[in-house]
Amino acid sequence: MADRPVSRPPDTPKVTALRRALASLPGAVVAYSGGVDSSLLAYLAHRELGERAVAVTADSPSLARSELADARAQAARLGMRHRVVTTGELDDERYAANRADRCRFCKEALVSVLNAVAAEAGDWPVLLGVNTDDLGDHRPGQSAARRMGARFPMVDAGLSKADVRQAAHGLGLPTSDKPASACLSSRLAYGVPVTREALRRIEDAEDGLRRAGFGGRFRVRDQGGDLARIEVEATDIARAADRASEIVALLKDAGFRYVTLDLEPYRQGSHNAVLGLPVVRVGSGT
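Rules of the game
- Residues numbered from 1 in each chain as written.
- Predicted model: local features only at pLDDT ≥ 70, side-chain atom pairs only at ≥ 80, totals over all residues.
- Heavy atoms only, no water.
- Helix = DSSP H or I, 4+ residues; strand = E, 2+ residues; numbered from the N terminus.
- Contact = heavy atoms within 4.5 Å.
- Salt bridge = Lys/Arg side-chain N within 4 Å of Asp/Glu carboxyl O.
- Buried < 20%, exposed > 50% of the residue type's maximum accessible area, 1.4 Å probe, protein only.
- Pairing = 2+ DSSP bridges.
- Axes fitted to C-alpha atoms, helices over the stretch in contact; angles between N-to-C directions.
- Phe/Tyr/Trp six-rings, centres within 6.5 Å; stacked < 30°, edge-to-face > 60°.
- Lys NZ or Arg CZ within 6 Å of the ring centre and 35° of its normal.
- Core = buried A, V, L, I, M, F, W, Y, C linked by side-chain atoms within 4.5 Å.

Undergrad: Got a minute to help me understand the side chain of Asp-222 in this structure?
TA: Looking at the secondary structure, you find Asp-222 in strand E5 (residues 218–224). Other than its neighbours up to four places away in sequence, Asp-222 contacts Arg-187, Leu-188, Ala-189, Val-192, Ala-198, Arg-201, Ile-202, Leu-227, Phe-256 and His-271.

Dropping the structure here:
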């Protein structure tokens, strides 16, 4: 028998509202990446709907193999009905061009596949794990998903990122403290084409840093021209500098030619600075 989350404290009013909304559905197809947001939504849908809820993971070159493995393992542990489907966003020239609206074409590919799964199941709604904090971020895919009929039940229930983590912790979900992990394409500076080779190079480089003992939040950013820019947490900058030769060797093995260490700590969406948008720093509370 699969392990189940530990016993939990009573739901907050927001979580209660979310559970009631899910229970009222005929069924649900939940976009499930294995992150904290989608894990909470998928698990609550499973709790309320049983086999009438299916968590669907979109597999493409932009998804790290470790993330796919983690999503599979968690779904099995929680006893959720789970499917892995292939999406072809990389074959879309608009996506591969990597302009500021790249996420729009990714979400269109995702929701198109999820809509097909939903139609097979009996026209169940497609649910995305968007929280209220996400609405203020640069996420052009959200409007595309809504246009294609996807629903954001956590937004409707008023759950923020903090609410999501609190609820996930109360349920004993293993992702409750998992750092945010955007797709590998987000590591490419805008204008640097998204290719399978570029994505694998980033994945290999980040896997190498993990094996070297760098955990928590960090990124290998591809700035184009074979240049890697590494962001680590503030407490790891000095340690990374001390191990410069080892890190350079790791990233050159992955395929980069030039390796730099950013003296600013890791911040979420740092490439968005070129768009004049704010970036999120570790420890800022978001």
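So that's the structure; there's more coming.
Undergrad: Help me out: how do you make sense of the pattern of salt bridges in this one?
TA: Pairing of side chains with opposite charge becomes possible as their charged atoms draw close. Taken as a whole, this structure holds 28 salt bridges when the rule is applied. For Arg-267, the salt bridge is made with Asp-262, and the minimal N-O distance between the two is 3.0 Å. In this pair, the class of Arg-267 matches that of Asp-262, namely buried. Between Glu-264 and Arg-267 there is a salt bridge whose closest N-O contact spans 3.4 Å. Overall, Glu-264 belongs to the partly exposed group, its relative accessible area being 35%. A relative accessible area of 8% places Arg-267 in the buried class.

Undergrad: Explain the sheet that holds strand E1 (residues 28–31) here, please?
TA: Sheet strands pair via backbone hydrogen bonds, and the direction of the pair is either parallel or antiparallel. Strand order in the open sheet made by the four strands is E3-E2-E1-E4, with parallel pairing throughout. Edge positions in the sheet fall to strand E3 (82–86) and strand E4 (126–127), since each has one partner strand and no second. The pairing of E1 with strand E2 (residues 53–59) spans four bridges and is parallel. Bridge assignment links Val-30 to a residue of E2, and that residue is Ala-55. Sitting on the sheet, helix H2 (residues 36–49) touches E1, E2 and E4, and the angle it makes with E1 is about 160 degrees.

Undergrad: I'm lost on the packing of aromatic side chains in this one. Help?
TA: By convention here, two paired aromatic rings are described through the distance between centres and the angle between planes. Here the structure, examined in full by the defined rule, presents zero aromatic pairs. Across the ring face of Phe-256, the terminal group of Arg-201 is positioned such that the distance to the ring centre comes to 4.1 Å. Here the basic side chain of Arg-239 rests over the ring of Phe-214, its NZ or CZ set 4.2 Å away from the ring centre.

Undergrad: Can you help me understand the nonpolar core in this one?
TA: What tends to happen in soluble globular proteins is that the nonpolar side chains get buried as a cluster. The biggest cluster of nonpolar side chains holds 30 residues, and the ones touching the most others in it are Leu-18, Leu-22, Leu-40 and Leu-159. Elements with a minimum of two residues in this core: helix H1 (13–23), E1, H2, E2, helix H3 (65–78) and helix H8 (161–171). Among the elements that line this core, the one with the most residues is H2, at eight residues. Those residues in contact with Leu-40 that sit more than four places away from it in its chain are Met-154, Leu-159, Val-164, Ala-167, Ala-168, Leu-171 and Leu-173. Residues Leu-184, Ala-189, Val-232 and Ala-240 belong to the second largest nonpolar core, which totals 27 residues.

Undergrad: Looking at this structure, I do not really get the sheet that holds E5. What am I missing?
TA: In spatial order, the strands read E5-E6-E7; together these three strands make up an open sheet with mixed pairing. Of all the strands in the sheet, just E5 and strand E7 (258–261) have a single pairing partner and so form its edges. Within the sheet, the average angular offset between the axes of one strand and its neighbour, ignoring direction, is 25 degrees. In this structure, strand E6 (residues 227–232) lies alongside E7, joined through four bridges in parallel fashion. The residue bridging Ala-228 from the neighbouring strand is Val-259, located in E7. Relative to E5, helix H9 (residues 196–211) is tilted by about 145 degrees, and along the sheet it contacts E5 and E6. Of the strands in this sheet, E5, E6 and E7 touch helix H11 (residues 244–254), which is tilted by about 130 degrees from E6.

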